Amino acid sequence: MNTNSNNPHRRDDTGATVSTFPARELTLLALLAMAVAGVYLAMGAAYSTRMLVEAACYAILALGLTIQWGYAGQFNAGVMGFVALGGFAAMSFSVPVNEAFWASSLPGELGLVLIYILGAGLIVFAASRLDRLGLPRTLRTVVTVLLALVLYMVVISQFREVTERIEDQVEFVGGLGLPTWTGWIVGGLLAGVIGYFIGHVCLGLRSDYLAIATLGIAEIIKAFLKNSDWLTRGTATVSPLPWPVPGPAEVGFTLSRALYLSITAVIIAVIFLLLHRAYNAPWGRMIRAIRDNEESSAAMGKDINRRRLEIFVLGCILMGIGGAVLGSFNGIFDPQGYLPLNHTFLVLVMVILGGPGNNLGTIFGAVAVYIIWIMSEPLALYVMELAAHVGQANFDWEMPTNLESRALQARVFVIGLLITVVLRFAPKGLLPEKVKHHD
Amino acid sequence: MNILNGVDMAIEADEIGVIVGPNGAGKSTMLKAVFGLLNVTQGDILLRGEPIQNLPTNRLVELGMGFVPQEHNIFPSMTVKENLEMGAYLKPDNIKRMLARVYEFFPPLHDKRHQSAGELSGGQRQMVAMGRALMAEPKLLLLDEPTAGLSPKYVQEIFDRVKEVNAAGVGILMVEQNAKQALAIADKGFVLAAGQNRFTDTGQALLADPDVAKSFLGG
Amino acid sequence: MNEFVFFINNVLIAGSVTGSIYAIGAVGVTLVFSIMRFAHFAHADMMTFGAFMVLLLVTLFPGAGDAIGVPTAIVMLPLAMALTALLAVGIDKAFYKPLRAHGVKPIVMVIGSLGVTLMLQGLIRLFAGTGGQSLYVDDRKEIFRLALPIEGVRVPVVITEPQLYLFVLTLVAVVGLHLFLSRSRLGKAMRAMSDNPDLAKASGINTNTIVAVTWVIAGGLAAIAGTLLSMDVTFKPDLSFFLLLPIFAAAIVGGVGHPYGAVAGGFVVGFAETLAVFNWSVLLRPIRDSLPDWLDLPSNLALVGTEYKIVVPFFILVAILVWRPTGIFKGKVI
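Residues numbered from 1 in each chain as written. Chains lettered and ligands numbered in written order. Predicted model: local features only at pLDDT ≥ 70, side-chain atom pairs only at ≥ 80, totals over all residues.

1. Concerning the domain arrangement of chain A
Then, number 1: Each assigned domain of chain A is listed here: domain 1 (23–96 + 174–434) and domain 2 (99–170).
Then, number 2: The C-alpha-based centres of domain 1 of chain A and domain 2 of chain A are spaced at 35 Å. (Domains from an automatic or database assignment.)

So this is what it looks like as structure tokens:
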């Protein structure tokens, strides 16, 4: 339970740098560096640099989640959705313009339907406020619901028609042909806006309900992106996605990836610094006050719900940016490629291992876990092939087909095991309230 | 932090013992410690001469102790009858007989036996709580502020029932805020203040003592 | 009239099937919620596990059902239920009990159950592969087509054998659970513990036993739901993930901690889904001719497309949590 009721000023809240010599941190860092070096030696520079870039993107995601979970105790089980939104924005903004689409009458029709949707939404909203005009509440609700249903059906069939026409005539709306980084920024904003609406409705819920709700939202986002062929080409995917730096075709794999890595590293550094500044600013102190002692903060008049929403949105923005950077790097937008395991639970493990609320620790956790994740694939395959050969030789087992895809499942098991083991041996140490060192 | 430090009490098997005292004196703590719900770091609790401190609760129930907590003392979604049945969980063979006995002590419970316990009034809920504890045929019943929050009519009724139960052979150790009425039915009274018992005497004697009345009995 | 049969097939029967699956799953979830007070995310994967056990057993003993004239999968079901129950108790002992002993917040238990989910998924997929497999190895799935004796009706009412078994088993499970909870000593002890764990302990109820019994019931029910769903459609290791949200929605709608509410909630969610994806313009076809010219009926009048089916339980979930968090039967918002 709480350990802090007596001395809220007891802890050393002076900021990121630790004054005493951080032996443990340096050791872990050294081990990590050795692991990275090991991968370089084993798999070559091109492969390893790619791994580092992806790990860096995940670090951004993990920072988003660590803010939500570590500072506000919000368990966001729908990280995948925000990552997908980021990737979508990156794709939409940076992919070349589809001339055929803009040359036809379709943009106009699409715009019209969008206006209808907006109008219908406003009408329903107005209807829900009818009780202000004196309408009895139940009648108002009935009217609103009926109106919503009818308007929905009308608008949705129009929408379906237009999107079908788009798919038939020009395949999909194409992109905006803008520089990649615009897509990244918009990705963050889009995730933030969606996060705002979700947070507004769901943040007041109990933690497990929030988890279920965010889990569902992520699936819905993915379903939308997957089935809106007119917007994203759906399962046909969109590729290639342009990079902000010269690509592999121009300067070779390793160099281009290294360039990408430097951009990503800069982004992480900027985020880290901003968080550090925010943490020491009045806003950050208020956040910490709320986290450490919610009741007295509320009594002092701090608007807790507003702060919580701000944290949630901030975390979502980071996830959107990370998703965009990752999406552009992967060079392809494939809605089906977004999986809860790869994009939610993996990030969760990174945060849990690195220490929720601990920014440096989270980055460390991201890189460490990602190395484990990536290397476990060849490792699992090796083990399975070995087992299959041994079985075949000694017991006359049939070599199962699709050994590769089954080996991948071993990763699922490993991540699950990691989560349960870490929880088993340090459950209380992972609760945000128990974090004794601040970053 | 120790709440109790220096308590020395004893009651006989068929007596009514009442613990009174100001708020924060440690009365409820005392009772919970006796029933094994809190840790005893020093000292002994003896039941018929045998030490029972820090034993698990179901063991204490087997040894003949019953406990009625002050709050959350019923199963609100279950019927009165089911609540009582839970009381006899460890002795399922006696249920019919014990039910009859409890209904004798608390007639209103028989009328409402199929009603959800959570829907009853405060006083009736208290009866259910006590009835549940009685179902296990305890030799000693611990009551934590049984009349807390009850209307005056029910307060007196509860005390009457307590006397009846005691007359049937069950020892009572109860913590009470309604000190005057409680001491009036007490064979032994203990005044607890700041974790120690200050006065020990029969209920009548304590009521009559001007020191006690002045310092501790207030209302 | 064909449209009416279409409605029966696609809404009444389909909704009952989905509803029954959700109901059985939701009962397990709500029981775990009521005794252990956390959302057990791994429940859906327990359903997959149960089905997987049946798959293994059916592969090992394919002819067992023929002897009695019952699908082999059904014959293997009791054993699979036992195995799943064993798994549930084992998981609790290995992973949840230590967390409970530490007194952690419910959300940490949820994360723990997520870890368990992943482990189960990984293991099952490792051994079963990722594709679909039929639970009918040596026998055939019976499909009953009931032609209605009404003139002009060319489409029969279609109901399959596993669906019938599902309905029967759902009924048996619900009645059995009711009797257990209301008549048996252990069942009442379970309700007592759900109401007031401390008082239950003080009454001498052994909480460890109750916890184990809860997991046994949850595991057994999960096995039934998973198996019958796999029999009706096909066994796929990822059938679990899409059940998670509707099952939780059902449990919350019915009021967390209320088994009967969970059953009701299951059917509410099941029917809501089928009603939402049903193409209502089919029903309006007969009157299409009598409609004025300017009113053009779109060919697809479904509320949501089938790809968006998951939106329905999600929407219900959020709506309930926002407007009536205690659910229909006023459960606990712990």
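2. Section: the interface of chain C and chain A
Then, number 1: Each partner contributes residues to the interface: chain C has 41 residues there, and chain A has 37 residues.
Then, number 2: Counting residues per element, the ones that place at least two in the side of chain C that touches chain A are α3 (72–101), α4 (106–128), α9 (241–253) and α12 (311–323) of chain C.
Then, number 3: In terms of residue count, the dominant contributor to the side of chain C that touches chain A is α4(C) (17 residues).
Then, number 4: Partitioning the side of chain C that touches chain A into residue classes produces 29 nonpolar, 9 polar and 3 charged. (Contact = placed C-beta atoms within 7 Å. Helix = DSSP H or I, 4+ residues; strand = E, 2+ residues; numbered from the N terminus. Nonpolar A, V, L, I, M, F, W, Y, C, P; charged D, E, K, R; others polar.)

3. Quick word on the pairing of strand β1 (residues 16–20) of chain B
All names here are of chain B.
Then, number 1: Among the 5 residues in β1, 5 count as buried, and that is most of the element.
Then, number 2: Side chains of β1 alternate between two faces, with I16, V18 and V20 and G17 and I19 buried alike.
Then, number 3: Pairing of β1 with strand β6 (residues 171–175), which is carried by 4 bridges, proceeds in the parallel orientation. When the sheet's bridge partners are listed, G17 is paired in β6 with L173.
Then, number 4: In the sheet, β1 pairs with strand β7 (residues 188–193) via 4 bridges, with the strands oriented parallel. (Buried ≥ 20, exposed ≤ 12 C-beta atoms within 10 Å, placed from the backbone. Pairing = 2+ DSSP bridges.)

4. Considerations on the interface of chain B and chain C
Then, number 1: In this assembly, 17 residues from chain B lie in contact with 14 residues from chain C.
Then, number 2: Every element with two or more residues in the side of chain B that touches chain C is listed here: α2 (57–63) and α3 (80–87) of chain B.
Then, number 3: Take the side of chain B that touches chain C: its biggest share by element is 4 residues, from α3(B).
Then, number 4: Here the side of chain B that touches chain C is composed, by residue class, of 9 nonpolar, 6 polar and 2 charged.

5. Overview of helix α14 (residues 304–330) of chain A
Residues and elements named next belong to chain A.
Then, number 1: Compared with an ideal rise of 1.5 Å per residue, which puts 27 residues at 39 Å, α14 spans 39 Å between its outermost C-alpha atoms and is within 8% of the ideal.
Then, number 2: Among the 27 residues that make up α14, 21 are buried, leaving the element largely enclosed by the rest of the structure.
Then, number 3: Positive backbone phi, at 75 degrees, marks G331, one or two positions downstream of α14. (Expected span 1.5 Å × (residues − 1).)

6. As for the confidence of the model for chain B
All names here are of chain B.
Then, number 1: Of the residues in chain B, 96% have a pLDDT of 70 or more, and the chain-wide mean is 83.
Then, number 2: Element-level mean pLDDT values for chain B span from 71 in helix α10 (residues 210–217) up to 92 in α3.
Then, number 3: This prediction of the complex comes with two scores: 0.86 for pTM and 0.85 for ipTM. (pLDDT = per-residue confidence, 0-100.)

7. Digging into the environment of A:L118
Then, number 1: Within the element layout of this structure, A:L118 appears in helix α5 (residues 106–128).
Then, number 2: C-alpha of A:L118 to C-alpha of A:V155: the two residues are 37 residues apart in sequence and 9.8 Å apart in space.

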